[in-house]
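Summary of the model geometry
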Amino acid sequence: KKLFMGFSLGVFSFLGMVFLLYKMYLPAIVVIVLAFLVSRKIKVKRFWILLLVVSFLIRLAAIVVFNFPQTTDFKLMYECALKFVNHDFSWNSTPYFMMWPYQSGFVVYEGLLLKLINNIYFLKVLNIIYESLLVVLIYYFSRRFVKDESARVAAILFMVYPYNIYLGTTLANHHIATILSYLGIVFLLSRKKKPYYFIVAGILIGLSNVLRPEGIIVIFSYLLFMIFNLKKDNFKKEVLGFLILVVSYGGINLICSNLIILSGVNKDGLKNTNPLWKFVLGFNGDSCGYYDSNDEVYINDREKELEVIKERLNPSNVGRLVLCKTDRMWLSNKIDVKDASYDKVYYIGNIKIKFNDLANVVSLTNHYIFLFVIAMMILGVFRNRKDIINNESLFFLIMVVVAYFVFLLIEIQPRYLYLIHPSIFILSAYGIEEVMKKTLPEKFHEMNLRALNYNI
């Protein structure tokens, strides 16, 4: 009987492994388990340096191995940046830049860099440096709220997060904009709260907005964070700080916009001449808020756009749209690389690897890692809600919630969550710590005792 039981367990284990392998759960599980093991086993004082170097090398390898061609808006902006190098501003009269002049800011940024080194790989390397610094910032913020090992896991998972690595191969404006925003947040959440910190934060977030117009999410999130923390003894100081932040943020946007106008790059500066378009797409129930070419018949017609928006705001469409957009934007974060070289074949020795097979595995691995991180964030917030409302991590929770409601209103794409990914990973550290407490209770008890003795 014991022999048969052992045989049965072996069969069940085999069934379990086949299930995990064919459903593509296994790669994600391996990555997550390795993140936990590495965080525990590697003993280095300056772990952030290791994160920075390894993150950079992983992304550099991705650039070299997967030389994806630039597509969509990023290809267009790169081509315009090449013209900018030769002082050719003819692109500003194209329909794209007449409708969205604010995209000129990123074209100028790329063009100025290409004046220094006219090579696409120069831009890509800078992007992966920004991404690597973002990994370090996730570790930096997480350490303020949880134990070092839990912060390490959150940072490692972001370091190997496939979507982030993939996007690093593209000339997206997310990279520079997001790192500037989070550097600004470093100053906003500093416990010293010096007046000039708000000036620096406003400039950094303002420059971020010049390159990608998402700065308002950060500013509004900080406004809510400040309101939630207002007290009689800090009222004047907090309000003054926020006013300095807003003036600095608005000032840098105004200056950059006027510079673009005066230099002849774009007569409209950094305006958005069709602000309703994102809402037309965002309320499209048939496309789940994604871009739909059928909606182009309404473009640039304000009356038609308003009419369509009102029509799509009926209760039956809104209810279905909320569920659909929540699933597609927050719970189905998959990589779509069909625009890239999908038919490529790679050889490792005599082993033939088809790119489309590899892409499917990586996409599902990415999906399951993100679901794990979302689950850890939810678990962590529920379990630590009393602590969160009393420390700076509340700001990141506000960022996530604000972004959730913003994306219920406007067009969605997976890459639009790039700005919010770091906040999600930072908050996931709370849930990761809960898991570690359950799996390593004695170790965490020892760590708490050491901390207590240190404080005494």
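The structure displayed is predicted, hence computed values, not measured ones.

**A word on the confidence of the model for the chain**
Of the residues in the chain, 93% have a pLDDT of 70 or more, and the chain-wide mean is 88. Least confident of the elements in the chain is helix H21 (residues 441-455), whose mean pLDDT is 51; most confident is helix H10 (residues 174-188), at 96. In this model residues 451-456 is a low-confidence stretch, pLDDT under 50, and it forms zero contacts with partners more than four residues away in sequence or in other chains.

**Description of helix H4 (residues 72-85)**
Look at H4: 21 Å from first C-alpha to last across 14 residues, which is about the 20 Å you get at 1.5 Å a residue. Listing the buried residues of H4 in full gives Phe74, Met77, Tyr78, Cys80, Ala81, Phe84 and Val85. All buried residues of H4 fall inside an arc of 165 degrees around its axis, so they share one side.

**Section: the packing of helix H16 (residues 315-331) against helix H19 (residues 393-409)**
Their axes nearest at 10 Å, the elements H16 and H19 cross at an angle of 120 degrees. Overall, the two elements H16 and H19 adopt an arrangement that is oblique. For the pair H16 and H19, the crossing hand works out as right-handed. Contact with H16, carried on its side by Val322, Lys325, Thr326, Met329 and Trp330, involves Val400, Ala403, Tyr404, Phe407, Leu408 and Leu409 of H19 and no other residues of that element. Of the residues that constitute the contact of H16 with H19, the class distribution is nine nonpolar, one polar and one charged.

**A few points about the state of the cysteines**
Disulfides are covalent bonds that connect the sulfur atoms of two cysteines. Evaluation of the coordinates by the stated rule reveals one disulfide. With no disulfide of its own, Cys80 lies closest to Cys256 among cysteine sulfurs, the gap being 19 Å. Note on Cys80: relative accessible area 4%, which makes it buried. By relative accessible area, which is 16% here, Cys256 ends up buried.

Definitions and limits used
Residues numbered from 1 in each chain as written. Predicted model: local features only at pLDDT ≥ 70, side-chain atom pairs only at ≥ 80, totals over all residues. Heavy atoms only, no water. pLDDT = per-residue confidence, 0-100. Helix = DSSP H or I, 4+ residues; strand = E, 2+ residues; numbered from the N terminus. Contact = heavy atoms within 4.5 Å. Expected span 1.5 Å × (residues − 1). Buried < 20%, exposed > 50% of the residue type's maximum accessible area, 1.4 Å probe, protein only. Arc of directions from axis to C-beta. Axes fitted to C-alpha atoms, helices over the stretch in contact; angles between N-to-C directions. Parallel < 35°, antiparallel > 145°, perpendicular 65-115°, else oblique. Left-handed = near helix turned anticlockwise from the far one by under 90°. Nonpolar A, V, L, I, M, F, W, Y, C, P; charged D, E, K, R; others polar. Disulfide = S-S within 2.5 Å.

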